[in-house]
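Chain by chain, the residues run as shown.
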Amino acid sequence: MNKLVIGAQWGDEGKGKIVDILAKESDIIVRYQGGSNAGHTVCVGDKTFILHLIPSGILHKDKICVIGNGVVIDPKSFFKEKATLEKVGVDIQDRLLISEKAHLVMPYHKELDAMQEGKLGDNKIGTTKRGIGPCYVDKYARNGIRICDLTDEKTLKEKITKNVEEVNKLCDIYSMNRFDAEAIFDEYKEYAELLKPYIRNTVYYLNGVFKNRKKILFEGAQGSLLDIDFGTYPFVTSSNPTVGGVFAGTGLPHKALDSVIGVMKAYTTRVGNGPFPSELLDDMGESIRKKGSEFGATTGRPRRCGWLDLVVVKYAAMISGIDSIAMTKIDVLDGLDRINVCVGYEYEGRKIGFIPSQLDEFAKCKPVYKTFEGWENTKHSESFEDLPENAKKYVEFIEKFLSIPVSLISTGAKRSETIIR
Ligand code: IMP
């Protein structure tokens, strides 16, 4: 059974923990999109790991991890992560494969990301400034530099020189420091040597393991509402975290996916700008942020917090065909008197149950709430039956609204704080 774990909101749903749990019963864990903009937090014992580029499955020492062709790779960030893992005894040698078709994030992508954000002023996207957008722009403009280009110095040099020439024209316009193609070439030549043991034609590799019935777990990054096509454009990332991204980002056929698990927080958060109808700008939002430690795993930015928006989750479920929900951080809502859930929007005096494509229309949507009585403590519940009555009602309502079972409930960061139904 091959499974996909995707975020059903705006990212940061707690996918890292769910992947970590499911990785145990998988053979191969695959990232298919995004890059080091992701921040997947996994707690193992008293240690906390934050992974950005390397699949979270790497923490299981007998698993193979693959960075697929749809991912954009910043070698600097990759080697930093590798070193951090090795320091705590997690060796990635012989267990990590990088697609030769994956595109490389270059130093100028990061600077362009920052420059473009600066130019947008108050309308900025709020990117992670990891160069993700500009790297995908080069990919689609067919100027990208791929991992396989690292194996041929001549091609690498030519491509870097050509791209830097173009980038430097922009640097002049926007008063940025120019880039030195020679210095970038030297840096990437070194990476080429260091990356060699990991580079593979992962399209053939993955199709081979699929044929041999190995269990594959696809690890989505970001969230459905950050999808370049289906998210709240332009306040989105530059890849497809939703189900289609799996096939484009790995080279596996649709038959290679058996089940989709949507990860959803018991409330909603968002980093960066863009409409967020159920956002709480009051003390309640602040208290959820504090209790849920809602600060970006990649940038440290405070996350915007709000009530659970089921219109959002239902939309994500529709697009990716979510089969079951993993609900995280229910404990963060412990101790509240009342809990709201957004079940629709009010738009210009009428109730709607969908997300308008026009962003200014979505920005005008007011949440329509259903209110639930709170509960005391979910922290030590070991089964669904153990949960406080009102917490059970909350979960059951979500299942009914979505027509999808909530098959996993996370009551804390530790592996042990998980209810599997
Ligand atoms: P970018 O992916 O860095 O270009 O950022 C685009 C948008 O996606 C911004 O709103 C980011 O905050 C958001 N974003 C990117 N990666 C993540 C993530 O892993 N979790 C949550 N938000 C993210």
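About the cut-offs
Residues numbered from 1 in each chain as written. Predicted model: local features only at pLDDT ≥ 70, side-chain atom pairs only at ≥ 80, totals over all residues. Heavy atoms only, no water. Axes fitted to C-alpha atoms, helices over the stretch in contact; angles between N-to-C directions. Helix = DSSP H or I, 4+ residues; strand = E, 2+ residues; numbered from the N terminus. Parallel < 35°, antiparallel > 145°, perpendicular 65-115°, else oblique. Left-handed = near helix turned anticlockwise from the far one by under 90°. Contact = heavy atoms within 4.5 Å. Nonpolar A, V, L, I, M, F, W, Y, C, P; charged D, E, K, R; others polar. Buried < 20%, exposed > 50% of the residue type's maximum accessible area, 1.4 Å probe, protein only. Patch = residues over 30% accessible without salt bridge, like charges linked within 9 Å, V, L, I, M, F, W, Y side chains within 5 Å. Areas by Shrake-Rupley, 256 points an atom, 1.4 Å probe, with all protein chains shown as cover. Salt bridge = Lys/Arg side-chain N within 4 Å of Asp/Glu carboxyl O. Phe/Tyr/Trp six-rings, centres within 6.5 Å; stacked < 30°, edge-to-face > 60°.

**Q** Please clarify how the packing of helix α3 (residues 107–120) against helix α4 (residues 132–140) should be interpreted in this entry.
**A** In a packed pair of helices, the relevant descriptors are the angle between the two axes and the axis-to-axis distance. Where α3 meets α4, the closest approach of the two axes is 7 Å, and the angle between their N-to-C directions is 115°. Classed by the angle they form, the pair α3 and α4 counts as roughly perpendicular. Here the hand of the crossing between α3 and α4 comes out right-handed. Two secondary-structure elements touch here, α3 through Y108, H109, L112, D113 and Q116 and α4 through I132, P134, C135 and D138. Residue composition of the contact of α3 with α4, grouped by class: five nonpolar, two polar and two charged.

**Q** Which parts of the structure should I look at to understand the side chain of H60?
**A** Here H60 is to be found in the loop between β4 (47–51) and β5 (64–67). With a relative accessible area of 9%, H60 lands in the buried category. Sequence-distant contacts of H60, that is, excluding residues within four places in its chain, are made with D20, A23, K24, R95 and R415.

**Q** I would appreciate a short explanation of a nonpolar patch on the surface in the present structure.
**A** Side chains of L170, I173 and Y174 sit close together on the surface and give an oily, nonpolar patch of about 270 Å² of accessible area. Mapped onto the secondary structure, Y174 falls in the loop between α5 (153–173) and α6 (181–195).

**Q** Got a minute to help me understand the packing of aromatic side chains in this structure?
**A** Each aromatic ring pair is specified by the distance between its two centres and by the angle formed by the two planes. For the coordinates displayed, the defined rule picks out eleven aromatic pairs. Ring plane angle 65° and centroid distance 5.6 Å describe the contact between Y345 and F362, whose orientation is recorded as edge-to-face. One end of the pair, Y345, is in strand β16 (residues 338–347); the other, F362, is in helix α11 (residues 359–364), and 17 residues separate them in sequence. F362 matches Y345 in its accessibility class, with the two residues each being buried. With centroids separated by 5.5 Å and ring planes inclined at 90°, the aromatic side chains of F372 and Y394 adopt a geometry described as edge-to-face.

Geometry only, nothing functional implied.
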